[in-house]
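Geometric and topological summary
Here is how the chains run, residue by residue.
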Amino acid sequence: MNEIEQMDQQYVFGTWSFQKNVHPKQIVAAEGVYFTDAEGRRYLDFSSQLMCSQLGHKNERLNRAIQAQASKFAYIAPGFTCEARAKLGKKLAEITPGDLCKTFFSPGGTEAIEAALMIARWFTGKQKIISRYRSYHGSTCGSIALTGDPRRWATEPAIPGILKAPDPYEYRTVFGSVMKTLDYIDEMLTLEGDTVAAVIVEPVVGSNGILVPPPEYLPELLRICHKHGALLIADEVMSGFGRCGEWFACDLWEVVPDIMAVAKGITAAYLPLAGTIVNEEIAAHFNDNFFNLGHTYSGHPMTVAAALETIQIYEDEQLIPAAKRKGNYLLDKLRQLQARHPCVGEVRGVGLFCGVELVKDRKTKEPFDEYGVKVKGGPSVLAQATGKALAGGVYMVGMINTLIIAPPLIISEAQIDEGLRGLDQALSWVDTLVD
Ligand SMILES: Cc1ncc(COP(=O)(O)O)c(C=O)c1O
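Residues numbered from 1 in each chain as written. Predicted model: local features only at pLDDT ≥ 70, side-chain atom pairs only at ≥ 80, totals over all residues. Heavy atoms only, no water.

Section: the sheet that holds strand S3 (residues 42-45)
- What the four strands build is an open sheet, ordered S1-S2-S3-S13; its pairing is mixed. Unpaired on one side and paired on the other, strand S1 (27-31) and strand S13 (394-395) mark the two borders of the sheet. (Pairing = 2+ DSSP bridges. Helix = DSSP H or I, 4+ residues; strand = E, 2+ residues; numbered from the N terminus.)

And the structure:
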């Protein structure tokens, strides 16, 4: 480690880690789909950092919009407004599905989910929320309680009233079919009586394995929720803003949730911004009921200016249909890799949101890593695989036995091929560990 990296290690907490294992790499430059470390090594960004850098790095047009807002004024309190905030609110009402119409702005996905949880409780007058096991919804007490993955364990019991449902995980479901898990949720809602405010789902599950449900799943879940007087909250923090080849994953199946949470791609990660968007009925409810939420940085002018320009760039450069096209190319190529590598159990994905699940044994589907290995601190084949890819010049995120391939929407087919070569090499190493 160089001097900066050592200083960082000493004075700054690494996220989600045993601190003794944190070895931060200093990044000195980033442009397009590449970033460069302090030793001059260049990496292809095959996961858009944390599945958020939709426009890649150093987008000049977006940088100019941020600078323009900074030169007018950087901040005013949320009680005032500015042109970009009003226009962004209107734009979100236009591009989100159905009658989603009014946004509460917050600094990050976690806070957007926390707000969704509270709004659902206030609107319905009910307290319980159903979420799913294979999910991540954020790191504060409420959002980590909604989270199903092992990151929740250390904080439990975080808040009361959160119930967990099974997942749309066709490859590993113990229910025989994913649609059967909806019968289970239906049954849960019946047996809980009229006490459940909402069901929250990632329409396409992100960090818990890129789980794409069958087309009839989400429309049926919405129907079940409404039959029982529960709201459907769509967590589109990772799946939104073109990631799945549509504005939002819900658009894949023309589903209109009651509440939607967005973040990440809303500014292509150039500045931290998130939003909780509600339908007309919920918005109207708060005309005469106190809206008990706020942040110093709610609708921070710099961030909303960045978001407005980001959305304009998605539109002008037609990046969302391009993501669908390039996603098909990527998925096709990943399936070809699957055919050649026995360590690949399954390839899944939609748009530029793909997952490669690694297994020790294709027949038994036995994973390499113990569930929760990251929080328990054991050895991890997945972490070694992403390390091998990085050493070969390709950055990708690995979560719970799945490599996440989610490049910036601006990536070219030639750059996809370059990333796939790095993945190919990493998979060849994993193949040597197959039973
Ligand atoms: C689906 C989902 N929801 C919520 C969050 C939390 O967002 P943030 O990390 O911006 O707080 C994430 C973060 O990855 C996410 O993927």
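Some points on the site of the ligand
- Lining the immediate environment of the ligand, one finds Gly 108, Gly 109, Thr 110, Tyr 136, His 137, Gly 138, Glu 202, Asp 235, Val 237, Met 238 and Lys 264.
- Within the side chain of Lys 264, one N or O atom sits 3.0 Å away from an oxygen atom of the ligand.
- Contact with the protein chains covers 81% of the free accessible surface of the ligand, which is 390 Å².
- In terms of residue class, the shell around the ligand is made up of three nonpolar, five polar and three charged. (Near = heavy atom within 4 Å. Polar contact = N/O pair within 3.5 Å; in protein donor to acceptor, adjacent residues only side chain to side chain. Areas by Shrake-Rupley, 256 points an atom, 1.4 Å probe, with all protein chains shown as cover. Nonpolar A, V, L, I, M, F, W, Y, C, P; charged D, E, K, R; others polar.)

Points about the side chain of Ser 380
- Mapped onto the secondary structure, Ser 380 falls in the loop between helix H12 (373-376) and helix H13 (381-391).
- At 3.0 Å, the side chain of Ser 380 forms a polar contact with the side chain of Asp 369.
- Of the polar contacts made by the side chain of Ser 380, one reaches the backbone nitrogen of Leu 382; its length is 3.3 Å.

Remarks on the environment of Glu 220
- In this structure, Glu 220 sits in helix H8 (residues 217-227).
- Spatially, the C-alpha atoms of Glu 220 and Ser 135 are 19 Å apart, while their sequence positions differ by 85 residues.
- The residues contacting Glu 220, other than those within four sequence positions of it, are Met 179 and Leu 182. (Contact = heavy atoms within 4.5 Å.)

Some words on a nonpolar patch on the surface
- There is a patch of nonpolar side chains on the surface, built from Ile 4, Met 7, Tyr 11 and Val 12 and spanning about 410 Å² of accessible area.
- Looking at where Ile 4 falls in the secondary structure, it is placed in helix H1 (residues 3-11). (Patch = residues over 30% accessible without salt bridge, like charges linked within 9 Å, V, L, I, M, F, W, Y side chains within 5 Å. Salt bridge = Lys/Arg side-chain N within 4 Å of Asp/Glu carboxyl O.)

A look at the nonpolar core
- By size, the foremost hydrophobic cluster in this structure holds 101 residues, and its most contacted members are Leu 221, Phe 241, Leu 334, Val 356, Leu 358 and Leu 423.
- There are two domains that each give this core at least three residues, and those are domain 1 (3-58 + 318-431) and domain 2 (61-316). (Core = buried A, V, L, I, M, F, W, Y, C linked by side-chain atoms within 4.5 Å. Buried < 20%, exposed > 50% of the residue type's maximum accessible area, 1.4 Å probe, protein only. Domains from an automatic or database assignment.)

With respect to unusual backbone geometry
- Here the amide bond leading from Glu 156 into Pro 157 is cis, since omega sits at -5 degrees, within 30 degrees of zero.
- If you trace the backbone, Pro 157 turns up in the loop between helix H6 (141-146) and strand S6 (162-165).
- Even without being a glycine, Lys 58 presents a positive backbone phi close to 55 degrees.
- Within the secondary structure layout, Lys 58 lies in the loop between helix H2 (48-51) and helix H3 (60-72).
- Relative accessible area serves as the criterion here: at 43%, Lys 58 is assigned to the partly exposed category.
- In this structure, Ala 268 takes a positive phi of about 50 degrees despite not being glycine.
- A relative accessible area of 0% means that Ala 268 is categorised as buried.

A few points about helix H7 (residues 178-191)
- The end-to-end C-alpha distance of H7 is 21 Å, a good match for the 20 Å that 14 residues give at a rise of 1.5 Å each.
- Next to the buried residues of H7 lie strand S5 (128-132), S6, strand S7 (196-201) and H8.
- The N-capping residue of H7, defined by a side-chain oxygen 3.1 Å from the backbone nitrogen of Met 179, is Ser 177.
- Where H7 ends, the next residue or the one after it, Gly 193, has phi of about 65 degrees, a positive value. (Expected span 1.5 Å × (residues − 1).)

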